[in-house]
Amino acid sequence: MSSSPNLEEKGGSLKKELSFFDMVIIGVVGAVGTGILFSVESMTSLAGPGSWLSWLMGGIFYLFIGLTYSELVSTYPEAGGPSRFALYTHGWFTNMINSLADLIWYIFIPPIEAFAVVDGLSVFYPQLTTSSGAPTLEGGIIVLLLMLLFIPFNYFGVRAFGKSTVGFGIIKLILYLAVAFGLLGIYHNFSNFTSYGGFLPFGFAGVFIAIPFAMFAFGGIRVLPDYAEESKNYKKLPLAIVVVVIGQLLIYLLYDFVFVSGIDWSRLGLENGNWAQVGSIPGNPFIYLANNYHSYPLLILTILIGIIGPFIVGYIYLGGGSRILFAQSRTQIMPKFMKDISKTFAIPYWALLVMAFVGAILAFVAAPVPTIYSLIEDAVVAGYLGFSVNPVAFTVSRRQGVTKWKIPGGSIIAPLAFISAALIIFWSGWVTVYYAVILLTGAVLVFGIIIPLLKGTAKRDLKHVGNSIWYIVYIAFLVVMTYIGSDGALNIINFYEATLIVVLISLFIFYPWGVLSGLKTRLEEKDYQTFKLEEEPIVLP
């Protein structure tokens, strides 16, 4: 049995160049970037020392989601796979919504990482940022140039991408660990975990509200199934996904521990025990700590990871995002030229260039945004609106009888993954969910309705709109719950009751509704270049 995906492609084709080790390193270093450097500060201001628990719970949530990817990618090992899985189970319209939500996630991340690089550079060139931490005009130009600089790391073939990422990635991980243990050695006050209101000064509500910031950092495994078609042995991707989640979780727990224990209240000019005030630390909090503790060798290392770390994440996600556009072109959501493959370098070059161009414009326009956290939250919500479909597609694929390898306990893992995604969206809060859904709605109207009508393909593309009703209502439900919940505009339901309602409604209404809305047999539509299933089941070691 061949391990090659079975998709016909005109012209060039993607090459299988990424080894298991390449995929693990890409997954880990593609996650460890801005999320840990910036999110930990915001999470601590919301949950105090309980932010450590937020990271742990976030890792567990994401492991559930990752396990559903593991099974689906074994059945459909194609480029941008998670943005195609729903095509086979619910039809074009559901997949269009799901893939556009994924695309929003990917469009945001490279500019966010470029902003983080500029923040690191501002230590040497303070004119790049304002006193609030937002890029100045000069900073915005640097962000734009960084977006363009991400292109060469992806353009010269996936093998060059993999080898350069592994090399830089190993150096990056060594630097991250050196900074963490270095800061721990310079100053630590373990009583911060028990004093000033105890481990949970804001209760579990603070822990839950902080989790969406952690989920931005856990996106590393999302790129693995996107590169499945370029993996030497996609059958090992399930193991790679699990290894990546566990590996990045350990790094995040270490960094959170270092940050919380590393707070010297008086030296940092903070009121003792005022956790909310921690959120006022300007810029990269680890650079701030190293600078205030006058450890200049460690400051240099911290600045290095503040520049190198986000840069590597930025170009990895630019490559992953190009696979999303490539997959959408196969599905007739994006123009056909997006799936053109370079015969020289075997990469979807138009998808890569368009992704970089759009990201560069977004980066420059968004430069005056006063804080990076607003972008992080929008990206998280959009991403998890897209991720929500895959646990349902996971179960529908089993019902269709096409699943090549079944993960043990899948019937429990899938609903838990669905609930996890719903909670992450809900805990992100009203304003963030509102903006993310408005952005997604606009994209759906353009690519899902207006363009098919203009192209004359509406009859084909809108054939399975009925199979997407559950998904549309699910998104609307989450918008309403954030609006009436404790951190919404109306505040008529307390946080814990609203959380319970989201869990119960998601589990007992939307998850089964989504499964029942699935197609009885997998969609096979030549116009959408659907995957040709192999006859033999996959047997994983």
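Residues numbered from 1 in each chain as written. Predicted model: local features only at pLDDT ≥ 70, side-chain atom pairs only at ≥ 80, totals over all residues. Heavy atoms only, no water.

Two residues of an α-helix separated by three or four positions point the same way, owing to the 3.6 residues in each turn. Between its terminal C-alpha atoms helix 2 (residues 34-47) stretches 19 Å, which fits the 20 Å expected from 14 residues at 1.5 Å a residue. Residue valine 40 marks the point of greatest curvature in helix 2, where the axis turns by about 35°. Across the 14 residues of helix 2, 13 count as buried, placing the element largely inside the fold. Note on helix 2: the residue one or two positions beyond its end, glycine 48, has a positive phi of about 65°. (Helix = DSSP H or I, 4+ residues; strand = E, 2+ residues; numbered from the N terminus. Expected span 1.5 Å × (residues − 1). Bend = angle between axes of the 7 residues up to and from the residue. Buried < 20%, exposed > 50% of the residue type's maximum accessible area, 1.4 Å probe, protein only.)

What follows covers the pattern of salt bridges. All told, the structure shown has 11 salt bridges when counted by the stated rule. Glutamate 230 is the partner of arginine 323 in a salt bridge, and the nearest nitrogen-oxygen pair spans 2.6 Å. On the criterion of sequence distance, the pair formed by arginine 323 in helix 13 (residues 296-330) and glutamate 230 in the loop between helix 10 (223-226) and helix 11 (237-261) is long-range, its members being 93 residues apart. Both residues of the pair, arginine 323 and glutamate 230, belong to the buried class. (Salt bridge = Lys/Arg side-chain N within 4 Å of Asp/Glu carboxyl O.)

Turning our attention to the packing of aromatic side chains. Inspection of every chain in the model, using the stated rule, returns 48 aromatic pairs. Geometrically, the ring pair formed by tyrosine 76 and phenylalanine 85 is tilted, given 6.4 Å between the ring centres and 35° between the ring planes. Exposure remark for phenylalanine 85: the relative accessible area of 1% places this residue in the buried category. Ring geometry for tyrosine 76 against phenylalanine 531: centres 5.9 Å apart, planes inclined by 80°, an arrangement best described as edge-to-face. (Phe/Tyr/Trp six-rings, centres within 6.5 Å; stacked < 30°, edge-to-face > 60°.)

Per-chain confidence: the chain averages 88 in pLDDT, with 93% of residues scoring 70 or above. Helix 4 (residues 85-90) holds the highest mean pLDDT among the elements of the chain, 97, whereas helix 15 (residues 372-387) holds the lowest, 71. (pLDDT = per-residue confidence, 0-100.)

The next point concerns unusual backbone geometry. A positive phi angle, near 55°, is found at histidine 294, a position not held by glycine. Along the chain, histidine 294 turns up in the loop between helix 12 (285-292) and helix 13. We classify histidine 294 as exposed; its relative accessible area is 55%. One non-glycine residue, alanine 346, adopts positive backbone phi at about 55°. Judged by its relative accessible area of 4%, alanine 346 is buried.

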